[in-house]
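# Observations on the three-dimensional arrangement
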Amino acid sequence: MSQSFDPSAIFGGGAGGENPMAGLLAQAQQMQAQLLAAQNEIAAAEVTGTAGNGLVTVTGTGTGEITSVTIDPKVVDPADVETLQDLVLGALEDLAGKRDQLAQDKMGPLAGGLGGGFPGLG
């Protein structure tokens, strides 16, 4: 005698039973919504990097777009271009570090939440 396969025997659900897979799906959908919200917040954020105590300022978005560069005129010396180049590079590095920290602050808790239910993602 052959019996038909009943998935509720494995996953629960069916006659009066709660389906644990539905709960997992709801949790995944909630995490996806939180991830999208965090990505939008990062994209809308303005991040500023500085060097030389504010002599050079670089502003950009959380997604990496550079939107402005400000250089104090007193640091512009044609005889010492290397210092200005170093300050611009330092401001860009500061901006990148702050952008990475913003992403970690917004996405870190969400990425950590994946490890609990999905093997290989933690």
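Quantities reported herein were computed from a predicted structural model and do not represent experimental measurements.

## Let's talk about the overall build of the protein chain
Helices and strands together make up the secondary structure of the protein chain, namely three helices and three strands. Every one of the 122 residues in the protein chain was classed for burial, and the buried ones make up 19%. Put simply, of all contacts in the protein chain between residues at least 6 apart along the chain, 44% involve residues at least 24 apart. As displayed, the protein chain offers around 8,400 Å² of accessible surface, 56% of which is attributable to carbon and sulfur atoms.

## So, the sheet that holds strand E1 (residues 46–51)
The antiparallel open sheet is built from three strands, whose spatial order is E1-E2-E3. The sheet terminates laterally at E1 and strand E3 (66–71), the two strands that pair on one side only. For this sheet, the mean angle separating the axes of adjacent strands, direction not counted, is 15 degrees. In the sheet, strand E2 (residues 56–61) pairs with E3 via five bridges, with the strands oriented antiparallel. The residue bridging Val58 from the neighbouring strand is Val69, located in E3.

## Brief notes about unusual backbone geometry
With phi around 55 degrees, Asn53 is a residue other than glycine that occupies positive phi space. If you trace the backbone, Asn53 turns up in the loop between E1 and E2.

## Points about the UniProt feature "coiled-coil region" (unreviewed entry) in the protein chain
The positions UniProt marks with the feature "coiled-coil region" (unreviewed entry) are residues 21–48. In residues 21–48, the share of helix is 86% and the share of strand is 11%. The end C-alpha atoms are 44 Å apart.

## Here's the deal with helix H2 (residues 20–44)
In a regular helix each residue adds 1.5 Å, so 25 residues correspond to 36 Å; H2 covers 36 Å between its end C-alpha atoms and thus fits that length. All of the buried residues along H2 are Met31, Ala38 and Ile42.

## Some words on the side chain of Thr59
By the secondary structure assignment, Thr59 is in strand E2. Those residues in contact with Thr59, other than ones at most four positions away along the chain, are Glu46, Val47, Thr48, Glu65, Ile66, Thr67 and Ser68.

## What about the pairing of E1?
Going residue by residue along E1, you find Val47, Gly49 and Ala51 tucked away on one face and Glu46, Thr48 and Thr50 left uncovered on the opposite face. Where E1 and E2 come together, six bridges link them in antiparallel fashion. Directly across from Thr48, in E2, lies its bridge partner Thr59. Following E1, the chain reverses through four residues before pairing antiparallel with E2; Gly52 in that reversal takes a positive phi of roughly 65 degrees.

## Thoughts on the nonpolar core
One recurring pattern in soluble globular proteins is that nonpolar side chains are buried together. Ile42, Ala45, Val47, Ala51, Val56, Val58, Val75, Leu84, Leu87, Ala91, Leu95 and Leu102 form the largest nonpolar core, which has 12 residues in total. Only E1, E2 and helix H3 (81–114) provide two or more residues apiece to this core. By residue number, the principal contributor to this core is H3, which donates five residues. Apart from residues lying up to four places away in sequence, Val47 is in contact with Val58, Thr59, Gly60, Thr61, Gly62, Leu95, Lys98, Arg99 and Leu102.

Reading guide: rules and limits
Residues numbered from 1 in each chain as written. Predicted model: local features only at pLDDT ≥ 70, side-chain atom pairs only at ≥ 80, totals over all residues. Heavy atoms only, no water. Helix = DSSP H or I, 4+ residues; strand = E, 2+ residues; numbered from the N terminus. Buried < 20%, exposed > 50% of the residue type's maximum accessible area, 1.4 Å probe, protein only. Contact = heavy atoms within 4.5 Å. Areas by Shrake-Rupley, 256 points an atom, 1.4 Å probe, with all protein chains shown as cover. Pairing = 2+ DSSP bridges. Axes fitted to C-alpha atoms, helices over the stretch in contact; angles between N-to-C directions. UniProt positions renumbered as here; feature names shortened; annotations may be inferred. Expected span 1.5 Å × (residues − 1). Core = buried A, V, L, I, M, F, W, Y, C linked by side-chain atoms within 4.5 Å.

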